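As a plain string of letters, each chain reads:
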Amino acid sequence: LEAAWQSDRVENEEDLLVFTRTSLEQASNGQLPFVISARNDPDSFYELDSLCNAFLSNHVANRASRRQGATLLATCETVYQDSKLTELRNSISENNLSGHLPPVFGLISNVLNIEGQKALRIYLYCLIRGIFSSAVRLGGTGPLQAQIIQRKVAPLAEDIAGRSLELELTDLAQTAPLIETLQANQARLYSRLFQS
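Calculation notes
- Residues numbered from 1 in each chain as written.
- Predicted model: local features only at pLDDT ≥ 70, side-chain atom pairs only at ≥ 80, totals over all residues.
- Heavy atoms only, no water.
- Helix = DSSP H or I, 4+ residues; strand = E, 2+ residues; numbered from the N terminus.
- Rg over C-alpha atoms; globule rule 2.2 N^0.38 Å.
- Buried < 20%, exposed > 50% of the residue type's maximum accessible area, 1.4 Å probe, protein only.
- Contact = heavy atoms within 4.5 Å.
- Areas by Shrake-Rupley, 256 points an atom, 1.4 Å probe, with all protein chains shown as cover.
- Lys, Arg positive; Asp, Glu negative; His and termini not counted.
- Charge placed at Lys NZ, Arg CZ, Asp CG, Glu CD.
- Axes fitted to C-alpha atoms, helices over the stretch in contact; angles between N-to-C directions.
- Parallel < 35°, antiparallel > 145°, perpendicular 65-115°, else oblique.
- Nonpolar A, V, L, I, M, F, W, Y, C, P; charged D, E, K, R; others polar.
- pLDDT = per-residue confidence, 0-100.
- Salt bridge = Lys/Arg side-chain N within 4 Å of Asp/Glu carboxyl O.
- Expected span 1.5 Å × (residues − 1).

This part takes up the overall build of the protein. The helix and strand inventory of the protein stands at ten helices and zero strands. Radius of gyration (C-alpha) of the protein: 16 Å, near the 16 Å computed for a compact globule of 196 residues. Overall, the protein is about 45 × 35 × 35 Å in size when its C-alpha atoms are taken along their principal axes. When each of the 196 residues of the protein is scored for burial, the buried share is 43%. Looking at the protein alone, contacts between residues at least 24 apart form 79% of all its contacts between residues at least 6 apart. As displayed, the protein offers around 10300 Å² of accessible surface, 49% of which is attributable to carbon and sulfur atoms. Taking the 17 positively charged and 22 negatively charged side chains of the protein as two groups, their mean positions are separated by 7 Å.

Here it is in structure tokens:
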């Protein structure tokens, strides 16, 4: 979002709404297949993590996904104190895995017995929350206006969560090349608030 903001691709609240909708659709095609696959088949985590690492060829997105996956796993391990989460963290470290956010999130939802559609809804909510939190911090919108925009995109998020349960890895696709290109330029911004 920051790169889009600085390049004048997101200049107002209507642009922010379009950006969020596009990001949700991209998540449906590029992230949720990993989430649902890891949630439904935890034994495939290593393969999913490797595939996610290859799929995220954008270095900024790849780095962000690894950091977010590690942070989520460490937080859940501390909060839930589940030995399976400790084993996962140790395994990622010992096997030099990437620990990308989508498969980590899916595996955590399996360990915590979060039903499939609910896991997808939580994942998408976190995506939306991140976008609007960033928009507020960038000064592009106020907190109340961000809540109004969030209400506008909520039906799309619900729709995506409902139709994404059947997604498979063969459905993986990059559907937002402009956002991907802007994100790749994040590291080159003259001044920036966010790393990714």
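The subject of this paragraph is the packing of helix α3 (residues 32-40) against helix α4 (residues 45-55). Contact pair α3 / α4: the axes reach a minimum separation of 11 Å and the direction vectors enclose 175°. One finds that α3 runs roughly antiparallel with respect to α4. Contact residues: F34, S37 and A38 in α3; L48, L51, C52 and F55 in α4. Residue classes in the contact of α3 with α4 are distributed as six nonpolar, one polar and no charged.

So, on to the confidence of the model for the protein. Per-residue pLDDT for the protein has a mean of 93; in total, 98% of the residues score no lower than 70. Within the protein, no element has a lower average pLDDT than helix α10 (residues 177-184), which sits at 87, and none a higher one than helix α7 (residues 101-111), at 98.

This next bit is on the pattern of salt bridges. Between side chains of opposite charge, a pair can form as their charged atoms come close. On inspection of all chains with the given rule, the structure shows four salt bridges. Here R163 makes a salt bridge to E25, at a shortest N to O gap of 3.0 Å. Taken together, the residues span a long stretch of sequence, with R163 in helix α9 (residues 143-163) and E25 in helix α2 (residues 13-30) at a distance of 138 residues. Assessed through its relative accessible area of 27%, E25 is described here as partly exposed. Its salt-bridge partner being D159, residue R163 comes within 2.9 Å of it at the nearest N-O pair. Placement of the pair is R163 and D159 together in helix α9, with a separation of four residues, close to one helical turn. Since its relative accessible area comes to 40%, D159 is described here as partly exposed. Through salt bridges that share partners, E25, D159 and R163 make up one connected network.

Bringing helix α8 (residues 116-137) into the picture now. The terminal C-alpha atoms of α8 lie 32 Å apart, and with 22 residues this matches the ideal 32 Å at 1.5 Å per residue to within 8%. Of the positions making up α8, those classed as buried are G116, A119, L120, Y123, L124, I128, I131, F132, S134 and A135. On the buried face of α8, the contacting elements are α2, α3, α7 and α9. Directly beyond the C-terminal end of α8, a positive phi value near 80° is found at G139.

This next bit is on unusual backbone geometry. The residue Q81 is not glycine, and still its phi comes out positive at about 45°. Looking at the secondary structure, you find Q81 in the loop between α5 (59-80) and α6 (83-94). Taking relative accessible area as the criterion, Q81 reaches 69% and is therefore assigned exposed. Notably, N113 is not glycine yet its phi reads approximately 55°, a positive angle. By the element assignment, N113 lies in the loop between α7 and α8. N113 gets classed as exposed once you look at its relative accessible area, which sits at 67%.

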